[in-house]
Amino acid sequence: MAEAAERVDPLHHLGEVMTRVARTLQQEHGDVEATLRAITAAAVSTVPNVQACSISYVTGRAKIQHRASSSDLARETDLLQEQVGQGPCLSAVWEEEVVRVDDVGVDGRWPEFAREASARGAGSMMCFQLFVEGDTLGAMNLYSGAPGAFDEECQEIGRMFAGHAAVALAGAEHEQNLRRGMTTRDVIGQAKGILMERHRITADQAFGVLARASQELNRKLADIAAEVAGTGAIPARNRRPE
């Protein structure tokens, strides 16, 4: 009976840990960069045997955009995968949702990456797909300096953590986009007000002026509005953004 209780307790403890992780990540709502940093820090303290964590966005099948990391090893290994065009992060986002590397130095799936990553100090890795948005994908990469550091339990906990991280990141990006949209609307409203007062025109006519300037100058409407709000004048037709 005592042994059975010991087998149950870790799962109960894991549930409590994941609840705390979810609350921690939600505290960074609306701040994508802070959420990314919180994910990498929480992964190291939550998933067994993890010594470093990074998050990367992948576009165009091979271009890796490093977004956050808890150590130089994680950051450098992310960048290495883009340099050599292969590695578990790329496989995780395009081929499998989870990729585990038990011994980086001898793994034959990505020989060039394995050789270089092992030389940099990577012993074991786990990579988890976080999201898919068009041709942009996100991955969370977990590292240990020792080979054989991750077993099935580590992988399952990592998968659960990645699920919480994906929800938190999606929420932060959604709120950030909403805030950006509200700011844009405010700036456009200010620009319309200036044009209405200065030229004695309606709100629809003022918006039409901004839209035509945007089209003629090949600039975003929000940028045109910001210039009008700042200077009080429509950008000259012969000007182009630097």
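Procedures and definitions
- Residues numbered from 1 in each chain as written.
- Predicted model: local features only at pLDDT ≥ 70, side-chain atom pairs only at ≥ 80, totals over all residues.
- Heavy atoms only, no water.
- Helix = DSSP H or I, 4+ residues; strand = E, 2+ residues; numbered from the N terminus.
- Expected span 1.5 Å × (residues − 1).
- Buried < 20%, exposed > 50% of the residue type's maximum accessible area, 1.4 Å probe, protein only.
- Axes fitted to C-alpha atoms, helices over the stretch in contact; angles between N-to-C directions.
- Left-handed = near helix turned anticlockwise from the far one by under 90°.
- Contact = heavy atoms within 4.5 Å.
- Nonpolar A, V, L, I, M, F, W, Y, C, P; charged D, E, K, R; others polar.
- Pairing = 2+ DSSP bridges.
- pLDDT = per-residue confidence, 0-100.

S.K.: So what's going on with helix α7 (residues 203–217)? Residues and values would help.
M.R.: With 15 residues, α7 ought to run about 21 Å at 1.5 Å a step, and its terminal C-alpha atoms sit 21 Å apart, in line with that. Taken as a whole, α7 has its buried residues at Ala206, Gly208, Val209, Leu210, Ala213, Ser214 and Leu217. Looking one or two residues past α7, Asn218 carries a phi angle of roughly 55°, positive in sign.

S.K.: If you had to explain the packing of α7 against helix α8 (residues 221–231) to someone new, which residues and values would you point to?
M.R.: Their axes nearest at 9 Å, the elements α7 and α8 cross at an angle of 115°. The crossing of α7 and α8 is right-handed. From α7, Phe207, Leu210, Ala211, Ala213, Ser214 and Leu217 reach across to α8, where they touch Leu221, Ile224, Ala225 and Val228. Considered class by class, the residues forming the contact of α7 with α8 number 9 nonpolar, 1 polar and no charged.

S.K.: Outline the side chain of Asp107, listing residues and values.
M.R.: Along the chain, Asp107 turns up in the loop between β3 (98–101) and α5 (111–120). Setting aside chain neighbours within four positions, we find Asp107 in contact with Val101 and Ala114.

S.K.: Which residues make up the sheet that holds strand β1 (residues 52–59), and what values do they have?
M.R.: Taken together, 5 strands build an open sheet; the order of strands is β2-β1-β5-β4-β3 and the sheet is antiparallel. Strands with a single pairing partner mark the edges of an open sheet, and in this sheet they are β2 (63–69) and β3. On average, each strand axis in the sheet is tilted by 20° relative to the strand beside it, whichever way the strands run. As paired elements, β1 and β2 share 6 bridges and run antiparallel to each other. When the sheet's bridge partners are listed, Ser56 is paired in β2 with His66. Sheet contacts for helix α3 (residues 72–84): β1, β2, β4 (124–133) and β5 (136–144); angle to β2, the most-contacted strand, approximately 175°.

S.K.: Residues and numbers for the confidence of the model for the protein, please.
M.R.: Per-residue confidence for the protein gives a mean pLDDT of 80; residues scoring 70 or more make up 79%. A low-confidence stretch, residues 1–11 stays under pLDDT 50, and its non-local contacts, those more than four residues away or across chains, total 0 contacts. Here residues 238–242 scores under 50 on pLDDT; set against residues more than four positions off or in separate chains, the count is 6 contacts.

S.K.: Explain unusual backbone geometry residue by residue, including any values.
M.R.: What you tend to see is this: most non-glycine residues have negative phi, and most peptide bonds are trans. One non-glycine residue, Arg200, adopts positive backbone phi at about 55°. As for its placement among the helices and strands, Arg200 is situated in the loop between α6 (152–199) and α7. Unusually for a residue other than glycine, Asn218 sits at a positive phi of about 55°. Relative to the helices and strands, Asn218 resides in the loop between α7 and α8.

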